[in-house]
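Topology and contacts: notes
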Amino acid sequence: MGKWSFKEGSGFSCQNFKTTLTSIKYRKTVQCADRFYPDAYLGNDTVICSSQSYILNVKQNLQSKYLWSTGDTTESLEMTKSGKYWVSISSGFCTVSDTVNIIFHKLIAKLEVKTAAICPNDSFLLQVPDTAIAVVWQKPDGSILQSKHIWAKDTGTYYLMLEGNGNCLNIDTFRLLHYDLPKASAGPDTVLCYNQPYRMQGKGGISYLWTPAKYLSNPKIPDPIATAPDTQLYMLVVKNAFGCADTSYMWLKVKPKLEVKLQAKHTAVCGGEKIIVQANATGGNQSAYTYKWQNTEVKTPAFETTLTQSGWLKVTLQDGCSEPAQDSIFITVKPTPIAAFYTNPIDTAIEGNKIQFINQSRNSTNYQWSFGNGETSSAGNPTYIYTDTGKYFITLIAQNQNGCSDTAFGQIYIGERFRIFIPNTFTPDGDLVNDVFSVYGTGIKEYSYQVYNRWGQIIYTSTPTQKIWNGAVNNTGETVQMDVYFYVLEVKDLENRMHYFNGTVNVMR
């Protein structure tokens, strides 16, 4: 608030009035009120785009005194450097001042690097030294970033410009290029057997790095040897001559360790008893399993055998790739009885007579007899009477306290008590019908006979190996003439009783 007066003519004169000062771009300091006061307006802050100098002129029609921030006292000031300038003008008792910021385009710090090449996945830092004014960047796609530094990624030209100044379109430019990327390949996914070494198949660059490095002979070469115990996902980073990197992945799928475990339903058996052992296999290449039992190689996991003594059963499992797996199981063979017997009489008996069964079994406590006709006995040494003739098959099962058993077999012929047939005629004419003389019967243990002619001469005597008379003297030469001949016969039956017979036999042709 102050008092002002005006006079005619250029400029202003102080009069007595009231006014209010408002905020304006420049500032004036009023030191008097009764005289003309000067005008010290320097204009807006300015960026000089191309000229080598710039003149600030504040000449007044008044008789004024000038003082610049540089110490000059002239009406105008020629500038060649960027900076903040002020001027103070005095006329009479009035003094005013103003300040302006002048920036020369050519004096703004420019980019140190004009062009660069980077890998496509990298960034390049673009920055300008500290400056008093704000700058903006125009990216290759036309977008604007307000910052004194940016990270450049896209290829093309980047423009450095002053913010809000259309007179100076750009201060500097930068061009970004991309190197070619390598083409990394870690090789195909691979399936391996347990502990199978594998040579990796990396390619695509001049330097390599495998991750994880564990289980690799050298993670910095393209083809290290891998000995992974389980499945691994490997990452390969390759770089080219420019240091650009590319990444590739591959699975090393390792089959589980080959293992086998034997199992048997019974691990204690009787001698000679069949036993089945089952091999439970896991891991490896299941479609190629083979099992080697003792000295037998089979494809099936089950093995059937018989044992006569206790011992180990071992299996070796193979799949054509993994290290073989083995397991053993101990089988106990329990003591086994030996069944044996004979009959008295030994193999032939007369119906109605007692048969004594003599038990010769060993390591046994229980017995089961079968007499071949449906009848049985559990006695140790039974006796039995067969009431019918015929051949009977006898079975003895001997068992011990371990539950083990053995079986013995035999047979006996049961004949009639005694019966004999002596022919009274035969025809030794070579027609193969009734050509010989022979004795037949049942209940016969042994016999012998002699044949006499009508004059009492012996013409044939039977022997243990020759009991048939063919009609010739002593079975040699020509047949005797047709006639009646006499025989004397001695027979021992199965009960060792003797029987004597004599009679005649007719020789006819």
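Here, every reference points to the structure presented above.
Throughout what follows, the structure given in this document is the object of discussion. (Residues numbered from 1 in each chain as written. Predicted model: local features only at pLDDT ≥ 70, side-chain atom pairs only at ≥ 80, totals over all residues. Heavy atoms only, no water.)

Quick notes on the overall build of the chain
Of the regular secondary structure elements, the chain holds 0 helices and 42 strands. Looking at the chain as a whole, 34% of its 509 residues qualify as buried. Restricting the contact set of the chain to residue pairs at least 6 apart, pairs at least 24 apart contribute 52%. In the form shown here, the chain has an accessible surface area of approximately 29,900 Å², with 49% of it arising from carbon and sulfur atoms. (Helix = DSSP H or I, 4+ residues; strand = E, 2+ residues; numbered from the N terminus. Buried < 20%, exposed > 50% of the residue type's maximum accessible area, 1.4 Å probe, protein only. Contact = heavy atoms within 4.5 Å. Areas by Shrake-Rupley, 256 points an atom, 1.4 Å probe, with all protein chains shown as cover.)

Quick word on the state of the cysteines
Scanning the entire structure with this criterion turns up 3 disulfides. Linked covalently through their sulfurs, Cys-119 and Cys-244 form a disulfide whose S-S length is 2.0 Å. Residues Cys-119 and Cys-244 share a disulfide whose torsion about the S-S bond is about -95°; that sign makes it left-handed. Taken as a pair, Cys-119 in the loop between strand 7 (115–118) and strand 8 (124–127) and Cys-244 in the loop between strand 18 (232–239) and strand 19 (245–254) lie far apart in primary sequence, 125 residues in all. A sulfur-sulfur separation of 1.9 Å characterises the disulfide bridge that pairs Cys-270 with Cys-404. What sets the handedness of the Cys-270 and Cys-404 disulfide is the S-S torsion sign, and at about -85° it is left-handed. (Disulfide = S-S within 2.5 Å.)

Quick look at the environment of Asn-359
Mapped onto the elements, Asn-359 comes out in strand 30 (residues 354–359). Residue Asn-359 is classed as buried on the basis of its relative accessible area of 16%. Contacts of Asn-359, omitting those with residues within four sequence positions, involve Ala-340, Phe-341, Tyr-367, Trp-369, Gly-380, Asn-381 and Leu-396. In this structure the side chain of Asn-359 is engaged in a polar contact, spanning 2.8 Å, whose partner is the side chain of Ser-361. Polar contacts involving the side chain of Asn-359 include one to the main-chain carbonyl oxygen of Gly-380, which spans 3.0 Å. (Polar contact = N/O pair within 3.5 Å; in protein donor to acceptor, adjacent residues only side chain to side chain.)

Re the pattern of salt bridges
Evaluated as defined, the whole model comprises 5 salt bridges. Between Arg-497 and Asp-493 there is a salt bridge, with the nearest N and O atoms lying 3.2 Å from each other. Using a relative accessible area of 43% as the deciding quantity, one classes Arg-497 as partly exposed. (Salt bridge = Lys/Arg side-chain N within 4 Å of Asp/Glu carboxyl O.)

Notes on the sheet that holds strand 16 (residues 207–211)
Overall, mixed pairing links the 4 strands, which are arranged 14-19-18-16 in an open sheet. Sheet topology places strand 14 (190–192) and strand 16 at the edges, where each strand pairs with a single neighbour. On average, each strand axis in the sheet is inclined to that of its neighbour by 25°, with strand direction left out of account. The pairing of strand 14 with strand 19 spans 3 bridges and is classified as parallel. In the strand pairing of strand 19, Val-191 is matched with Lys-253. (Pairing = 2+ DSSP bridges. Axes fitted to C-alpha atoms, helices over the stretch in contact; angles between N-to-C directions.)

Details of the sheet that holds strand 29 (residues 348–350)
The strands that make up a sheet pair up through hydrogen bonds in the backbone, lying either parallel or antiparallel. Within the open sheet, the 5 strands sit side by side as 29-35-34-31-32. Their pairing is mixed. Edge positions in the open sheet fall to strand 29 and strand 32 (376–377), since each of these has one partner strand only. Direction of pairing for strand 31 (residues 366–370) relative to strand 32: antiparallel, over a ladder of 2 bridges. Looking at strand 32, one finds that Ser-370 is bridged to Thr-376.

A word on the pairing of strand 31
Where burial is concerned, the two faces of strand 31 differ: the one with Tyr-367 and Trp-369 is buried and the one with Asn-366, Gln-368 and Ser-370 is not. Hairpin connection of strand 31 to strand 32: 5 residues between the antiparallel strands, including Gly-372 at a positive phi of 90°.

Here's the deal with the side chain of Ser-248
With respect to the helices and strands, the residue Ser-248 is situated in strand 19. Looking at Ser-248, its side chain comes within polar contact range of the main-chain nitrogen of Ala-186, at 3.0 Å. Non-local contacts of Ser-248, meaning those with residues more than four positions away in its chain, are made with Ala-184, Ser-185, Ala-186, Tyr-234, Met-235 and Leu-236.

Here's the deal with unusual backbone geometry
Going from Thr-211 to Pro-212, the amide bond is cis rather than trans, its omega being 0°. In this fold, Pro-212 is placed in the loop between strand 16 and strand 17 (225–226). Note the cis peptide between Asn-344 and Pro-345, where omega equals 0°. Within the secondary structure, Pro-345 sits in the loop between strand 28 (341–344) and strand 29. Look at Leu-432: it is not a glycine, yet its phi comes out positive at around 65°.

Section: the packing of aromatic side chains
Enumeration according to the criterion identifies 21 aromatic pairs in this entry. Consider the rings of Phe-426 and Trp-469, whose centres lie 5.4 Å apart with planes at 65°: the pair is edge-to-face. Of this pair, Phe-426 sits in strand 37 (residues 425–426) while Trp-469 is found in the loop between strand 40 (458–461) and strand 41 (483–493), placing the two residues 43 residues apart along the sequence. By relative accessible area, Trp-469 is classed as buried at 0%. Looking at Lys-467, its charged tip hangs above the ring of Tyr-447, at a distance of 4.5 Å from the centre. (Phe/Tyr/Trp six-rings, centres within 6.5 Å; stacked < 30°, edge-to-face > 60°. Lys NZ or Arg CZ within 6 Å of the ring centre and 35° of its normal.)

Brief notes about the nonpolar core
One finds Leu-262, Val-277, Tyr-291, Trp-293, Leu-317, Ile-329 and Ile-331 to be the most contacted residues of the largest nonpolar core, which totals 20 residues. Those elements that provide at least two residues to this core are strand 20 (259–264), strand 22 (274–282), strand 23 (290–293), strand 26 (311–318) and strand 27 (325–334). The dominant element in this core, judged by the number of residues it contributes, is strand 27, at 4 residues. Residues in contact with Ile-329, not counting those within four places in the same chain, are Leu-262, Gln-263, Ala-264, Thr-267, Val-277, Gly-311, Trp-312 and Leu-313. (Core = buried A, V, L, I, M, F, W, Y, C linked by side-chain atoms within 4.5 Å.)

As for the environment of Gly-271
Locating Gly-271 in the fold gives a position in the loop between strand 21 (268–270) and strand 22. For Gly-271 and Val-333, which are 62 residues apart along the polypeptide, the C-alpha to C-alpha distance reads 5.6 Å.

Re the pairing of strand 27
Residues Ala-325, Asp-327, Ile-329, Ile-331 and Val-333 point to one face of strand 27 and are all buried, whereas Gln-326, Ser-328, Phe-330, Thr-332 and Lys-334, pointing to the other face, are not buried. With 3 bridges connecting them, strand 21 and strand 27 associate as parallel partners. Among the inter-strand pairings, Ala-268 is bridged to a residue of strand 27, identified as Thr-332. With 7 bridges joining them, strand 26 and strand 27 adopt antiparallel strand pairing. Across the sheet, Thr-316 pairs through a bridge with Gln-326, a residue of strand 27. Hairpin geometry of strand 26 and strand 27 is characterised by an intervening segment of 6 residues between the two adjacent antiparallel strands and by a positive phi of about 80° at Gly-320.

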